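Fold and contact review
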There are 4 protein chains.
Amino acid sequence: MAGAARRVGAETSATRGLILEATEQQILEEGYGAVSTRKVAARAGLKPSLVHYYFPTTDDLLLAVSRRGADESDRMIEEALASDDPLRALWGFFVDTSRTAMALEFMALANHREALRSHMARHCEAMRAREVRILRKLIGDRLDRPDAPAPEALSVVLAGIGRAIVMEENLGVTAGHEEAIAFVEQWLDRLVPSGNDLAEPEAASVR
Amino acid sequence: MAGAARRVGAETSATRGLILEATEQQILEEGYGAVSTRKVAARAGLKPSLVHYYFPTTDDLLLAVSRRGADESDRMIEEALASDDPLRALWGFFVDTSRTAMALEFMALANHREALRSHMARHCEAMRAREVRILRKLIGDRLDRPDAPAPEALSVVLAGIGRAIVMEENLGVTAGHEEAIAFVEQWLDRLVPSGNDLAEPEAASVR
Amino acid sequence: MAGAARRVGAETSATRGLILEATEQQILEEGYGAVSTRKVAARAGLKPSLVHYYFPTTDDLLLAVSRRGADESDRMIEEALASDDPLRALWGFFVDTSRTAMALEFMALANHREALRSHMARHCEAMRAREVRILRKLIGDRLDRPDAPAPEALSVVLAGIGRAIVMEENLGVTAGHEEAIAFVEQWLDRLVPSGNDLAEPEAASVR
Amino acid sequence: MAGAARRVGAETSATRGLILEATEQQILEEGYGAVSTRKVAARAGLKPSLVHYYFPTTDDLLLAVSRRGADESDRMIEEALASDDPLRALWGFFVDTSRTAMALEFMALANHREALRSHMARHCEAMRAREVRILRKLIGDRLDRPDAPAPEALSVVLAGIGRAIVMEENLGVTAGHEEAIAFVEQWLDRLVPSGNDLAEPEAASVR
DNA sequence: AATGAATGAGATTTCATTCAT
DNA sequence: CATGAATGAAATCTCATTCAT
């Protein structure tokens, strides 16, 4: 469903899945620059030729992985936005480490591969639009408060702060993170008090 | 000033500078994965061997470029913090695009090169500490206001939002950016009213 | 028969044989230090990449050559031990120059390549065990003579003297060789008189 | 005294000695094929250019190391032949491990470097002549015994057996060594009974 | 006596891709 | 579906050597 018909290798093949899995691992462990048919094949326990059979070029492979990651993100966000407390669930998603390293790699890669760039841009815009729709329902009636953010701003701000914290933690930096998280949570509380103020405290703290 | 004596190639050599310059260009145009002795040498108009003479391994080269970038960032931040309106100057720095693509590449790369990771982590912590010192002076007396952020939080929050906006713009995404920037600037105004409220409007708008 | 299935390049491939042949020549003519994919490929009239296809690393190549040499030695020793006069045939094998230069190269190389070292050690022990089994049958009943060597000693002593003579001749040294050969042959005659005392005189003289 | 006047680098320089020392280490650890100006310099803590200053070509360097090794061997043999029991001292020298790995490397190398080959051949012949001279004095009067070896044969035989044992032990092989050593020592005892039969038992057993 | 800069050659290895089966 | 063989390109790194100082 994600992509149009591809030349070879059925979309549903188990082997195809194996290859994508191996590629993700490879990216996470050695970076996008280290993705090669050989290494992916070795990791998946397959012959290099077979990888080529499913993904004629390396770009095809990277694009497929990116799509799969986007689908996964979509599912997670969908879940967050459908929860009882979408605001805090969204924030929890942004400070979740599980997909950050991968997103970072693709972000860097996107600068140099047009196909990837445009796909990621579309996905990012779509995600934002969905978030805004939900957030507007949630805080729409508080828009008259002078310090309330527009839903668009809220989406950008939460994503930015969350991702920055996760990226820095990946790097080994922790200075200021506790304070930033406390500040954001206080701010969200003033903005939309949650019925259960202490709900899911672990979801909102990184790691 | 950046480092002690290096094994080969004087720190001040013109050739060395040429190589670093070419490597930066290469990273920006084709990504960290495309940095190779050949390509860098071709770009700099030098023989590949000479690149190896100055930077025995590709890691040495990337580390040197990273150091140079860090020094450049330091200079820019220093300037921002020394200005009349450090808060807005800092924000201006964070939404400045000039160094973001590069930073992104190195962030991704750092996940796979320990030497780079630890160097970037140290630099990041040092930068934060410096920012906090200045911000504390600036908004220290407002800490009793219930909604005032700790200086540490302020540093993290501004950096995160600013960088997210720049990264997304690199990708071609603009949704919500205007609103986010407006929100941050309003917030900063409430926090530390600048004598001239509309000062430097172009510094705060991306590109 | 030598090994189980190898990763690439069928054990029986003609190309594979060509490469091994060329490598042996290269070692004999320029030494183990001069074995490189390029030179071997040039000698075999193949592309360097193809050599790598069959032997991913130079170590794989050297190990394969060593195995082949060991097989060849096995065949020669087997033949000697199965002859009418195993003792003299064995001595003839030890003073045969054809495999010594090669053995010397691999002996030196083994000090620096663990895989090679252990393979050669195993092969050497197996060869000795086989020789001892045959020699025990041959001279077992003379063990009561006070000056008779144990079969193990006989194997070591003949190999040592024979190889030393061949190595020195390779170097261009001849002093004492005639006397040493005469002495050994006299000694063997006293130990196990051959029906035809002057049998195969050319087998026992070097070259 | 060992060589004629060299173009550069005084024969007596301490730096020169350092370089030779480092080269020996390098050969022992990584083999003759791994000797390069760079590695030797690194090992000696010197600049590569300085190695070149003393030894214009790598061959010059290897030849100098070989000469030094030959001088060292000479000294050890001289000492053995001058001892109370030259026969057993000589045997002790041949089963001494300390110089064998090195000798093996140079033996292999000599096959491919004419200068080295002829130098080693000359040295080997000279050594044999000296040994023969001493041995003739020692066992000359037993030459009428039917089983007594010519002094030349004795020199070749002891060297061959001793070196074979040491080389095999380097390889990790031990089968038959004990028996061979016992046999040789018994044989020597019958040939030239030592006044003190248990003299230096440790000198005659390997390791 | 010693050193830094530079360079051309080449060794080792990896890679994407093609082709035939 | 899947694989083995083959190849040209290139990346990384090492090297001996030269030259000027």
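Residues numbered from 1 in each chain as written. Chains lettered and ligands numbered in written order. Predicted model: local features only at pLDDT ≥ 70, side-chain atom pairs only at ≥ 80, totals over all residues. Heavy atoms only, no water.

1. Some remarks on the interface of chain A and chain B
Note: interface size is frequently given as the accessible area lost on complex formation between the parts. With 49 residues of chain A in contact, the opposing surface of chain B contributes 48 residues. Of the roughly 3,900 Å² buried at the junction of chain A and chain B (both faces included), carbon and sulfur atoms supply 68%. Linking chain A with chain B are 2 salt bridges, by the criterion used here. When residues in the side of chain A that touches chain B are grouped by element, the largest group, 12 residues, is from helix α8 (residues 151–171) of chain A. Its residues placed into classes, the side of chain A that touches chain B shows 27 nonpolar, 11 polar and 11 charged. (Contact = heavy atoms within 4.5 Å. Buried area = accessible area lost by both parts, 1.4 Å probe. Salt bridge = Lys/Arg side-chain N within 4 Å of Asp/Glu carboxyl O. Helix = DSSP H or I, 4+ residues; strand = E, 2+ residues; numbered from the N terminus. Nonpolar A, V, L, I, M, F, W, Y, C, P; charged D, E, K, R; others polar.)

2. Here's the deal with the packing of helix α1 (residues 14–30) of chain A against helix α6 (residues 100–110) of chain A
Residues and elements named next belong to chain A. The geometry of α1 relative to α6 is characterised by a closest axis approach of 10 Å and an angle of 85 degrees between their N-to-C directions. Here α1 lies roughly perpendicular to α6, going by the angle between them. For the pair α1 and α6, the contacting residues are Glu24, Ile27 and Leu28 in the first and Ala101, Met102, Glu105 and Phe106 in the second. (Axes fitted to C-alpha atoms, helices over the stretch in contact; angles between N-to-C directions. Parallel < 35°, antiparallel > 145°, perpendicular 65-115°, else oblique.)

3. Notes on helix α2 (residues 37–44) of chain C
Residues and elements named next belong to chain C. Those residues of α2 that fall on the buried side of the exposure criterion are Thr37, Val40, Ala41 and Ala44. Relative to the axis of α2, the buried residues are bounded by an arc of 100 degrees and lie together on one face. Structural note: α2 exposes Arg38 and Ala42 on the side pointing more than 90 degrees away from its buried face. Where α2 is buried, its residues contact α1 (14–30), α3 (48–54) and α4 (58–81). Of the residues trailing α2, glycine 45 is marked for its positive phi of about 70 degrees. (Buried < 20%, exposed > 50% of the residue type's maximum accessible area, 1.4 Å probe, protein only. Arc of directions from axis to C-beta.)

4. Focus: the relation of the copies chain C and chain D
Put simply, the two copies of the chain differ by a rotation about an axis and a shift along that axis. Structural alignment of chain C on chain D gives an RMSD of 0.1 Å, achieved by rotating through 180 degrees and translating 0.0 Å along the axis. Taken together, the rotation angle and the small translation identify this as a two-fold axis. Taken together, the interface assignments show that 100% of the residues at the interface of chain C recur at the interface of chain D, consistent with an identical surface on both copies. (Least-squares fit on C-alpha atoms with pLDDT ≥ 70 in both.)

5. Details of the domain arrangement of chain A
Residue and element names in this part refer to chain A. For chain A, the assigned domains are domain 1 (1–56) and domain 2 (66–207). Of the residues lining the interface, 9 residues belong to domain 1; the matching set on domain 2 comes to 11 residues. Note that arginine 68 and glutamate 21 form a salt bridge whose closest N and O atoms lie 3.1 Å from each other. At the boundary of domain 1 with domain 2, the tally comes to 2 residue pairs in polar contact (both at pLDDT 80 or more). Residue classes in the side of domain 1 that touches domain 2 are distributed as 5 nonpolar, 2 polar and 2 charged. (Domains from an automatic or database assignment. Polar contact = N/O pair within 3.5 Å; in protein donor to acceptor, adjacent residues only side chain to side chain.)

6. Regarding the interface of chain C and chain D
Listed by partner, the interface residues are 48 residues for chain C and 49 residues for chain D. Between chain C and chain D, roughly 3,900 Å² of surface is buried when both sides are summed, and carbon and sulfur atoms account for 68% of that area. Inspection of the chain C/chain D interface yields 2 salt bridges. At the junction of chain C and chain D, the tally comes to 15 residue pairs in polar contact (both at pLDDT 80 or more). Those elements giving two or more residues to the side of chain C that touches chain D turn out to be α1, α6 (100–110), α7 (114–139), α8 (151–171) and α9 (177–191) of chain C.

7. Observations concerning the relation of the copies chain A and chain B
Note on the copies: chain A fits chain B at an RMSD of 0.2 Å, the axial shift is 0.1 Å, and the rotation between them is 180 degrees. Looking at the interface residues of chain A, 98% of them are also at the interface in chain B, so both copies use one shared face.

8. As for the side chain of Glu152(C)
Assignment of secondary structure puts Glu152(C) in helix α8. What makes Glu152(C) buried here is its relative accessible area of 17%.

9. Details of the protein's contact with DNA strand E
As a structural note, the neighbourhood of DNA strand E is formed by 30 residues, with Thr37(A), His52(A), Tyr54(B), Arg38(C) and His52(C) the closest of them. Atoms of DNA strand E within 4 Å of the protein: sugar and phosphate make up 60%, bases the balance. Between a phosphate oxygen of DNA strand E and a side-chain N or O atom of Lys39(A), the distance comes to 3.5 Å. The backbone of Thr37(C) places a nitrogen or oxygen atom 3.2 Å from a phosphate oxygen of DNA strand E. Looking at side-chain class alone, the surface near DNA strand E contains 10 nonpolar, 14 polar and 6 charged residues. (Near = heavy atom within 4 Å.)

10. Some thoughts on the pattern of salt bridges
Going through the model one piece at a time under the given rule, you end up with 56 salt bridges over all chains. The residue Arg88(C) makes a salt bridge to Asp85(C) at a minimum N-O spacing of 3.2 Å. Residues Arg88(C) and Asp85(C) agree in their burial class; the two are buried. When salt bridges with common partners are traced through the structure, they connect Glu29(A), Glu30(A), Lys39(A) and Arg43(A) into a single cluster.

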